[in-house]
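# Per-entry structural report
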Amino acid sequence: MQNHDIIDIHTHTFPDPIAKQTICSLEGRSHTHSFTDGTVEGLSEAIREAGVSLAVVQPVVTNPLKTEKINRAAAEVNEHTDKTHVFSFGGMHPDTPNYKEELKRIQKLGLKGIKLHPAYQEVAFDDIRYQRIVGYAEELGLITLVHGGIDIGIPGEWASPRQTRILYEAVRPKKLIVAHMGGWQLWEEVKDWLQDTELLFDTAFSIGSIAYQEDFPKESRVKQLSKQKFEELVKELGAERVLFGTDSPWTEHKEQIGLIRSSSLPDEEKALILGGNAKKLLNL
């Protein structure tokens, strides 16, 4: 891969038989529109058109008894990465049976990392179960990517910057990516709680416009980081800790790339965010 390659560290796909149903359900819950059909093929086409070299899928495990099945499917996705340019992490649930054995299996499958989603898994991120999973993943050299902040379709704070700080103090991870610039809709708290850590962050679903459904009341809509606020947060955290992500299918690749390229950040920092940091982390 070349230095100018773009890597999307945060995307989502679903098995072909249930992709349409899943997308419809998530659109209804979030009152937004998707930009792909939720399949690996759809994601592959989207990144090809946008000039993205690699998209990393982040599977969310909502049923702990299906963890092994989901990770097996992730490994099957990776059998075709040379053709699709789509690579999948594994997934873990705080109640996954024999979590150490499953993490070792994930490592042997070559999945490189795991995704956690406290809101969908209905467990606060500072819970001891997550601490154990993140800690053992670190021992195995695996990357962890966790949803950060509020979830657009689920009420409550499951992964606030404060909760993330508690886990960080307990585990001291060096390969933990906190999605959505550290805490979706809680970005002022990110500066207070997470600036002086070694945590990593992704840009997924944090900048640009939200593709709300037309009938969703305007007074209920929220805004993303403005370009100025995004640039300020990057400067606070350090560009070397920020990775490009789209949360595809929920944002459009070309728009997201354009927002970063048109920012006032130095060119070398844009290059780190768009691909350099991920390339180093993934050891490509």
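All of the points below concern the structure found in this document. A quick note: this is a predicted structure, and the numbers were derived from the prediction, not measured.

The strand order across the open sheet formed by three strands is S1-S2-S3, and the pairing between neighbours is parallel. Where the open sheet ends on each side, the last strands, each with one partner, are strand S1 (7–11) and strand S3 (86–88). Direction aside, the axes of adjacent strands within the sheet are offset by 25° on average. Across three bridges, the pairing between S1 and strand S2 (residues 54–57) is parallel. Note that in S2 the partner of Asp8 across the bridge is Ala55. Sheet strands touched by helix H2 (residues 40–50): S1, S2 and S3. Its angle to S3, the strand with the most contacts, is close to 130°.

Turning our eyes to something else, we now look at helix H12 (residues 267–281). Under the 1.5 Å per step criterion, the end-to-end length of H12 is 20 Å for 15 residues, consistent within 8% with the ideal 21 Å. The axis of H12 is deflected most strongly, by about 55°, at Ile273. Residue Asn283 follows H12 closely and has a positive phi angle near 60°.

The next point concerns the environment of Gly51. With respect to the helices and strands, Gly51 occurs in the loop between H2 and S2. Note: C-alpha distance between Gly51 and Ile6 (45 residues apart in sequence) is 7.3 Å.

Running from N to C, helix H5 (residues 99–108) and helix H7 (residues 128–139) cross one another at 40°; their axes reach a closest spacing of 10 Å. The chirality of how H5 crosses H7 is right-handed. Contacts between H5 and H7 involve Tyr99, Lys100, Leu103 and Lys104 from the first element and Arg132, Ile133, Tyr136 and Ala137 from the second. Partitioned by chemical class, the residues of the contact of H5 with H7 number five nonpolar, no polar and three charged.

Inspection of every chain in the model, using the stated rule, returns ten salt bridges. Glu169 serves as the salt-bridge partner of Arg165, at 2.7 Å between the closest nitrogen and oxygen. With a gap of four residues between them, Arg165 and Glu169 both fall in helix H8 (residues 161–171), about one helical turn apart. Given a relative accessible area of 37%, Glu169 falls into the partly exposed group. A salt bridge links Asp196 to Arg165; the shortest N-O distance between them is 2.6 Å. Of this pair, Asp196 sits in the loop between helix H9 (187–194) and strand S8 (200–202) while Arg165 is found in helix H8, placing the two residues 31 residues apart along the sequence. Of the residues examined, Arg165 reaches a relative accessible area of 17% and is grouped as buried. A cluster of three or more residues bridged by salt bridges with shared partners is formed by Arg165, Glu169, Arg172 and Asp196.

Rules and cut-offs
Along each chain, the written sequence defines residue order, and numbers are assigned to residues from 1. Local features in a predicted model are, by the rule used here, given only for residues with pLDDT of at least 70; side-chain atom pairs are given and counted only at 80 or more, and totals for whole chains, interfaces and linings are based on all residues. Hydrogens and waters are ignored; side-chain quantities use all the structure's heavy atoms. A pair of strands is considered paired only if DSSP assigns at least 2 bridges between the two. Secondary structure is summarised from DSSP: a helix means a run of H or I of at least four residues, a strand means a run of E of at least two, and numbering begins at the N terminus for each. Only C-alpha atoms enter the line fits that serve as axes; for helices the fit covers just the stretch in contact. Angles between N-to-C directions range over 0 to 180 degrees. Two residues form a contact once any of their heavy atoms are found within 4.5 Å. Each helix should span, by expectation, one fewer than its residue count multiplied by 1.5 Å. In this analysis the local bend is the angle between axes fitted, respectively, to the seven residues ending at and the seven residues starting at the residue. By definition, turning the near helix anticlockwise from the far helix through less than a right angle yields a left-handed crossing, and turning it clockwise yields a right-handed one. In this classification, the charged set is Asp, Glu, Lys and Arg, the nonpolar set is Ala, Val, Leu, Ile, Met, Phe, Trp, Tyr, Cys and Pro, and all remaining amino acids, among them Gly, are polar. A side-chain nitrogen of Lys or Arg and a carboxyl oxygen of Asp or Glu constitute a salt bridge if their distance falls within 4 Å. Exposure classes here rest on a 1.4 Å probe applied to the protein chains alone. A residue is buried below 20% of its type maximum, exposed above 50%, and partly exposed in between.

As far as function goes, none of this settles anything; it's purely spatial.
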